[in-house]
Amino acid sequence: MSPHDVITKVCEVMSGWAAAERDADTAALDALLAEDFRAVGPRGFLLNKSQWLQRYETGDLVNESFDIDDVDVRMYSTTAVVNAVQMQTATHQGHPASGRFRITVVMIGGEEAWRIVNIQLSAMAQN
């Protein structure tokens, strides 16, 4: 697989992840996230894979929209580091949770499959 093909695959995983988040598709998220997945939220909280999925299973998190843009992929052997901008219109437990976030997504993989091992969100200043 050429470097270009690998970056294309990583971008496809990012698109699939965004669609799964938008649609609260826990089966798709379960397949995309590594078993030891961790996420650091925009206010510093830490979630493991089970906790990340549970937000949708309980209905606590509802996304009206969820998109990513400005995707930049850097490759290090079988590790991809992706920086992007995430935009979402959402509520969490009935409270507004919308915003724009600079995200860093770390993936591991190879020719067969890529899994997301880490996500970190940082709130972006409102213009």
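For the structure itself, consult the block above.
Note that the coordinates shown come from a computational prediction; the quantities given were computed from them, not determined experimentally.

### Quick look at the pairing of strand 4 (residues 79-92)
With 13 bridges joining them, strand 3 (residues 61-76) and strand 4 adopt antiparallel strand pairing. Pairing of Val-73 across the sheet is with Val-82, part of strand 4. Here strand 3 folds back onto strand 4 in antiparallel fashion, the turn holding 2 residues, of which Ser-77 has a positive phi close to 60°. Where strand 4 lies against strand 6 (residues 99-109), 10 bridges are found, and the strand directions are antiparallel. Bridging across to strand 6, Val-82 finds its partner in Val-105. Pairing between strand 4 and strand 5 (residues 95-96): 2 bridges, direction antiparallel.

### Structural notes on the pattern of salt bridges
Scanning the entire structure with this criterion turns up 5 salt bridges. Residues Arg-22 and Asp-67 are paired through a salt bridge, measuring 3.7 Å at the closest nitrogen-oxygen approach. Of this pair, Arg-22 sits in helix 1 (residues 3-23) while Asp-67 is found in strand 3, placing the two residues 45 residues apart along the sequence. Residues Glu-35 and Lys-49 are paired through a salt bridge, measuring 2.8 Å at the closest nitrogen-oxygen approach. In this pair, Glu-35 is assigned in strand 1 (residues 33-40) and Lys-49 in helix 3 (residues 49-57), connecting sequence segments 14 residues apart. With a relative accessible area of 67%, Glu-35 lands in the exposed category. By sharing partners, the salt bridges in this structure join Asp-30, Glu-35 and Lys-49 into a single network.

### Points about the nonpolar core
What tends to happen in soluble globular proteins is that the nonpolar side chains get buried as a cluster. Core analysis: the biggest nonpolar cluster contains 31 residues, and Trp-17, Trp-52, Ile-103, Val-105, Met-107, Ile-116 and Ile-119 have the highest contact counts within it. Within the residue set of this core, elements represented by two or more residues are helix 1, helix 2 (26-32), strand 1, helix 3, strand 3, strand 4, strand 6 and strand 7 (114-123). When residues of this core are assigned to their parent elements, the largest contribution, 7 residues, is made by helix 1. With residues up to four places along the chain from it excluded, the contact list for Ile-116 reads Val-13, Trp-17, Leu-32, Leu-33, Ala-34, Phe-37, Val-105, Val-106 and Met-107.

### Description of the packing of aromatic side chains
Taken as a whole, this structure holds 2 aromatic pairs when the rule is applied. With a centroid separation of 5.3 Å and 85° between ring planes, the pair formed by Trp-17 and Phe-66 is classed as edge-to-face. Of this pair, Trp-17 sits in helix 1 while Phe-66 sits in strand 3; the two residues are 49 residues apart in sequence, bridging distant segments of the chain. With 5.5 Å between their ring centres and 70° between their planes, Phe-37 and Trp-52 make a pair best called edge-to-face. Separated by 15 residues along the polypeptide, Phe-37 in strand 1 and Trp-52 in helix 3 bring together distant segments of the chain. For Phe-37, a relative accessible area of 0% puts it in the buried group. For Trp-52, a relative accessible area of 5% puts it in the buried group.

What counts, and at which threshold
- Residues numbered from 1 in each chain as written.
- Predicted model: local features only at pLDDT ≥ 70, side-chain atom pairs only at ≥ 80, totals over all residues.
- Heavy atoms only, no water.
- Pairing = 2+ DSSP bridges.
- Helix = DSSP H or I, 4+ residues; strand = E, 2+ residues; numbered from the N terminus.
- Salt bridge = Lys/Arg side-chain N within 4 Å of Asp/Glu carboxyl O.
- Buried < 20%, exposed > 50% of the residue type's maximum accessible area, 1.4 Å probe, protein only.
- Core = buried A, V, L, I, M, F, W, Y, C linked by side-chain atoms within 4.5 Å.
- Contact = heavy atoms within 4.5 Å.
- Phe/Tyr/Trp six-rings, centres within 6.5 Å; stacked < 30°, edge-to-face > 60°.

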